[in-house]
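# Fold and geometry: a report
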Amino acid sequence: MSQHLEVVRTVAELRDRVANARSSGLRIGLVPTMGALHHGHLSLVDAISDKADLIVVSIFVNPTQFGEGEDFEAYPRDENSDLAKLSATAASLVYAPSVEEMYPAGDSTTIRVSGISERFEGMHRPGHFDGVATVVSKLLLHSAPDVAVFGEKDYQQLAVIRQFVKDLAIPSSIIGAPIVREADGLAASSRNVYLSEPAREIAGNLNVILTALVQEAKSGMELRACEEQAVKALLAAGFDDVDYVSIVDAQSLDTLSSLDRPARVLAVARLEKVRLLDNMAIEAP
């Protein structure tokens, strides 16, 4: 448990604290977040706690990953609540920069990861992964962590980050942490608070339907038929729309025609303007 949780707001302050820790032989861990912390975020701190001595949690609502008409202005922000929650974890430093600190005047560089970022979320949220890759590269360069952790709930995001970290030879190990779920199976998300009570009851069906899809795929049902059946089931359960349900290669995110390697089902269903993301591993039979 953190006895003292320090907050720094500039790159210079962060690098100073990291340099001091490194000179003492400590390993640095990074947990990037956009705040509005819930138990899913706190589980990321736990996931990295045995791999790092100084754990830096960043809190930054990144404007460049929100598209036109998305909820950047409305995105929940409560730094005091976030700090209170983090003070009960192994985190020891919070990096909470301003937009001006992260994107100084004249900033003109964007990181784009071709291929893996252009499908699924990349199609439905143009420019989203450019914003993610750019801000995460900045956070990694600002904090120079030995290890950084990202939740598997945003599975495509994790794949994109692993790709550019490898491509750019950034010397940080990237680990994924398992999805944290609510009692009814819904993946924990800061946006779940937007759902009305009736919609929140419907939302739990996403986990149920994807679990059934995984079993059907493993039993030998044709994969496109599995996807189509899941889409129909989601609409029948009361979801407003389904952006996609796709069974893909767990590494490349290429669409699979058979389970001859580790696979993942990626899905997004909509309820009351909230896009609910989820995914599940499908072990090759």
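Conventions and cut-offs
- Residues numbered from 1 in each chain as written.
- Predicted model: local features only at pLDDT ≥ 70, side-chain atom pairs only at ≥ 80, totals over all residues.
- Heavy atoms only, no water.
- Helix = DSSP H or I, 4+ residues; strand = E, 2+ residues; numbered from the N terminus.
- Polar contact = N/O pair within 3.5 Å; in protein donor to acceptor, adjacent residues only side chain to side chain.
- Contact = heavy atoms within 4.5 Å.
- Pairing = 2+ DSSP bridges.
- Axes fitted to C-alpha atoms, helices over the stretch in contact; angles between N-to-C directions.
- Expected span 1.5 Å × (residues − 1).
- Buried < 20%, exposed > 50% of the residue type's maximum accessible area, 1.4 Å probe, protein only.
- Arc of directions from axis to C-beta.
- Parallel < 35°, antiparallel > 145°, perpendicular 65-115°, else oblique.
- Left-handed = near helix turned anticlockwise from the far one by under 90°.
- Nonpolar A, V, L, I, M, F, W, Y, C, P; charged D, E, K, R; others polar.
- Salt bridge = Lys/Arg side-chain N within 4 Å of Asp/Glu carboxyl O.

### Observations regarding the side chain of D249
- For D249, the location among the structural elements is in strand β7 (residues 241-249).
- Within polar-contact distance, the side chain of D249 engages the backbone nitrogen of Q251 at 2.7 Å.
- Among the polar contacts made by the side chain of D249, one reaches the side chain of R261 at a distance of 3.3 Å.
- Other than its neighbours up to four places away in sequence, D249 contacts D254, L256, R261 and P262.

### A short note on the sheet that holds strand β9 (residues 274-282)
- Taken in spatial order, the 3 strands line up as β7-β8-β9 in an open sheet, and their pairing is antiparallel. Unpaired on one side and paired on the other, β7 and β9 mark the two borders of the sheet. Averaged over all adjacent pairs, the angle separating strand axes in this sheet is 10 degrees, with direction ignored.
- Relative to β9, strand β8 (residues 263-271) runs antiparallel, the two sharing 9 bridges. Within β9, the position partnered with L266 by the bridge is N279.
- With respect to the sheet, helix α9 (residues 205-218) is in contact with β7, β8 and β9, its orientation differing from that of β9 by roughly 30 degrees.
- Docked against the sheet, helix α10 (residues 223-237) engages β7 and β8, running at close to 155 degrees with respect to β7.

### Section: α9
- In a regular helix each residue adds 1.5 Å, so 14 residues correspond to 20 Å; α9 covers 20 Å between its end C-alpha atoms and thus fits that length.
- When α9 is considered as a whole, its buried residues turn out to be L206, N207, I209, L210, L213, V214 and A217. Viewed end-on, α9 has its buried residues packed into an arc of 165 degrees, placing them on one side of the element.
- Close packing links the buried residues of α9 with α8 (197-203), α10, β7, β8 and β9.
- Following α9 by one or two positions, G220 adopts a phi angle in the positive range, close to 110 degrees.

### Some thoughts on the packing of helix α6 (residues 128-143) against helix α7 (residues 155-167)
- Running from N to C, α6 and α7 point in directions that differ by 55 degrees, and their axes come no closer than 10 Å. Judged by the inter-axis angle, α6 sits oblique to α7. Classified by chirality, the crossing of α7 by α6 is right-handed. Between α6 and α7, the residues in contact are F129, V132, A133, V136, S137 and L140 and Q156, Q157, V160, I161, F164 and V165, respectively.
- Split into classes, the residues belonging to the contact of α6 with α7 amount to 9 nonpolar, 3 polar and no charged.

### Remarks on the sheet that holds strand β5 (residues 147-151)
- Reading across from one edge, β1-β4-β3-β2-β5-β6 is the order of the 6 strands in this open sheet, with parallel pairing throughout. The open sheet is flanked by β1 (6-8) and β6 (173-177), the only strands paired with a single partner. Recorded for the sheet is a direction-independent mean angle of 25 degrees between the axes of neighbouring strands.
- On top of the sheet, helix α2 (residues 39-48) reaches β2 (28-33), β3 (54-59), β5 and β6; it is set at about 145 degrees to β5, its chief contact.
- Across the sheet, helix α3 (residues 79-86) touches β1, β3 and β4 (93-95), and the angle it forms with β3 is around 160 degrees.

### A look at the pairing of β9
- Of all 9 residues in β9, 8 are buried, a share of seventy percent or more.
- Joining the antiparallel neighbours β8 and β9 is a turn of 2 residues, in which E272 adopts a positive phi near 50 degrees.

### Brief notes about the pattern of salt bridges
- Tallied over the full model, the rule gives 19 salt bridges.
- Where R125 meets E70, a salt bridge forms, and the shortest distance between an N and an O atom there is 2.8 Å. Here E70 lies in the loop between β3 and α3 and R125 lies in the loop between α5 (121-124) and α6, a separation of 55 residues in the sequence.
- Exposure remark for R125: the relative accessible area of 11% places this residue in the buried category.
- Salt bridges here are not isolated pairs; linked through shared partners, they connect E121, D243, R270 and R275.

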